[in-house]
Amino acid sequence: MSIPISAAEFSEYLYSVFEKNQLSHLLTGEKADKFLALTERLLSENEKYNLTAITEPKKIILNHYADCAALALYLPEGATVADIGCGAGFPTLPLAIVRDDLRILAVDSTAKRIAYVNESARLLGLSGVTAVAMRAEDGAKSPEHREKFDFVTARAVAELRTLCELCLPYVKVGGKMLAMKGKNAEAELSVAGEAIRALGGSHGVCEEINLLGDEDSFTHPIVIIDKVKKTPPQYPRPYSQISKKPL
Ligand code: SAM
């Protein structure tokens, strides 16, 4: 499918936004081609899978690609990452394009979106990505996934206390949770101390990523939590309990 701007204009804007946000070292010509191919696929499959409300290519570049690629600055070479509630592959797919050294497990409860993410990764040659359809709280109980990742990421998935219970069980002791949150991040963090401690986390901080486009800009708060102790085996609880009675 063709997109409503030319390939040259797409590439120029992609480079310009990455440059403005000190991310240009993450781009190459091949990676820019992958972002173009991902955009064509995202827009052509959007009706079938309901993948994104953002359909204007320049907005996709800023609000999805630069936003997600900015997380790469937190991830050391060769890190293993579980991306919980990846939806249409955010941050998984942009991260995998800019960082082919990462090994990313993308998790979402919606099988159709996971099929889309796996097929996108295959078409783009992103061999570090595996996407699995499962509920995060179920996957966290499996020995294959529990405390096996250096980092867990999540963008726009749940309120922080709920999110911690879904995410922290995946992280190894010594690893980190990176939660891309909305404007209530500080307020959510201020009431999440008990949940963070109960789940083996510590030292939650909120940083702000400022993202600049040509005409628009936005700030994305990111909550960073260290995993300092093993998560007790009773967590995560079934989702009905997590949401009804957050820790
Ligand atoms: N992270 C993506 C993004 O930033 O575009 C998707 C965000 S979307 C608002 C939230 C996603 O989280 C949905 O795709 C939903 O299916 C998934 N999700 C919510 N709770 C989940 C759970 N307990 N286990 C797995 N996926 C979950």
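Scroll up to find the structure this text is about.
Anyway, here's the lowdown on the structure attached to this text. Note that the structure is predicted; figures quoted are calculated from it, not measured.

Points about the packing of helix α1 (residues 7-20) against helix α3 (residues 57-69)
- α3 packs onto α1 with a crossing angle of 40° between their chain directions and a minimal axis gap of 10 Å. Considered as vectors, α1 and α3 are oriented oblique to each other. Regarding α1 and α3, the two cross each other, and that crossing is right-handed. Contact residues: E9, F10, Y13, L14, V17 and F18 in α1; P57, K58, I61, L62, Y65, A66 and A69 in α3.
- Class assignment for the residues of the contact of α1 with α3 results in eleven nonpolar, no polar and two charged.

Quick word on the sheet that holds strand β5 (residues 171-180)
- Spatially, β3-β2-β1-β4-β5-β7-β6 is the arrangement adopted by the seven strands of the open sheet, whose pairing is mixed. The outermost strands of the open sheet, each flanked by one partner alone, are β3 (129-133) and β6 (201-212). When strand polarity is set aside, the average angle formed by the axes of neighbouring strands in this sheet is 20°.
- Bridge count for β6 against strand β7 (residues 217-227) is ten bridges, and the pairing is antiparallel. Residue pairing for β7: C206 is matched across the bridge by V223.
- Set on the sheet, helix α5 (residues 111-124) makes contact with β2 (103-108) and β3; between it and β3 the angle comes to about 165°.

Notes on the state of the cysteines
- Scanning all chains against the criterion turns up zero disulfides.
- Take C86: it sits in no disulfide, and the sulfur closest to it among the cysteines is that of C68, at 11 Å.
- Among the cysteines around C167, which has no disulfide bond, C164 carries the closest sulfur, lying 7.4 Å off.
- Using a relative accessible area of 0% as the deciding quantity, one classes C167 as buried.

Some details on helix α2 (residues 29-49)
- The first and last C-alpha atoms of α2 sit 29 Å apart over 21 residues, in line with the 30 Å expected at 1.5 Å per residue.
- Remark: the principal bend of α2, roughly 30°, maps to L43.

Brief notes about the packing of aromatic side chains
- Tallying each qualifying case throughout the model produces four aromatic pairs.
- In textbook terms, an aromatic cluster arises when at least three aromatic residues are bridged by ring pairs, as seen for F18, F35 and Y65.
- The side chain of K58 reaches across the aromatic face of Y13, ending 5.1 Å from its centre.

What counts, and at which threshold
- Residues numbered from 1 in each chain as written.
- Predicted model: local features only at pLDDT ≥ 70, side-chain atom pairs only at ≥ 80, totals over all residues.
- Heavy atoms only, no water.
- Axes fitted to C-alpha atoms, helices over the stretch in contact; angles between N-to-C directions.
- Helix = DSSP H or I, 4+ residues; strand = E, 2+ residues; numbered from the N terminus.
- Parallel < 35°, antiparallel > 145°, perpendicular 65-115°, else oblique.
- Left-handed = near helix turned anticlockwise from the far one by under 90°.
- Contact = heavy atoms within 4.5 Å.
- Nonpolar A, V, L, I, M, F, W, Y, C, P; charged D, E, K, R; others polar.
- Pairing = 2+ DSSP bridges.
- Disulfide = S-S within 2.5 Å.
- Buried < 20%, exposed > 50% of the residue type's maximum accessible area, 1.4 Å probe, protein only.
- Expected span 1.5 Å × (residues − 1).
- Bend = angle between axes of the 7 residues up to and from the residue.
- Phe/Tyr/Trp six-rings, centres within 6.5 Å; stacked < 30°, edge-to-face > 60°.
- Lys NZ or Arg CZ within 6 Å of the ring centre and 35° of its normal.

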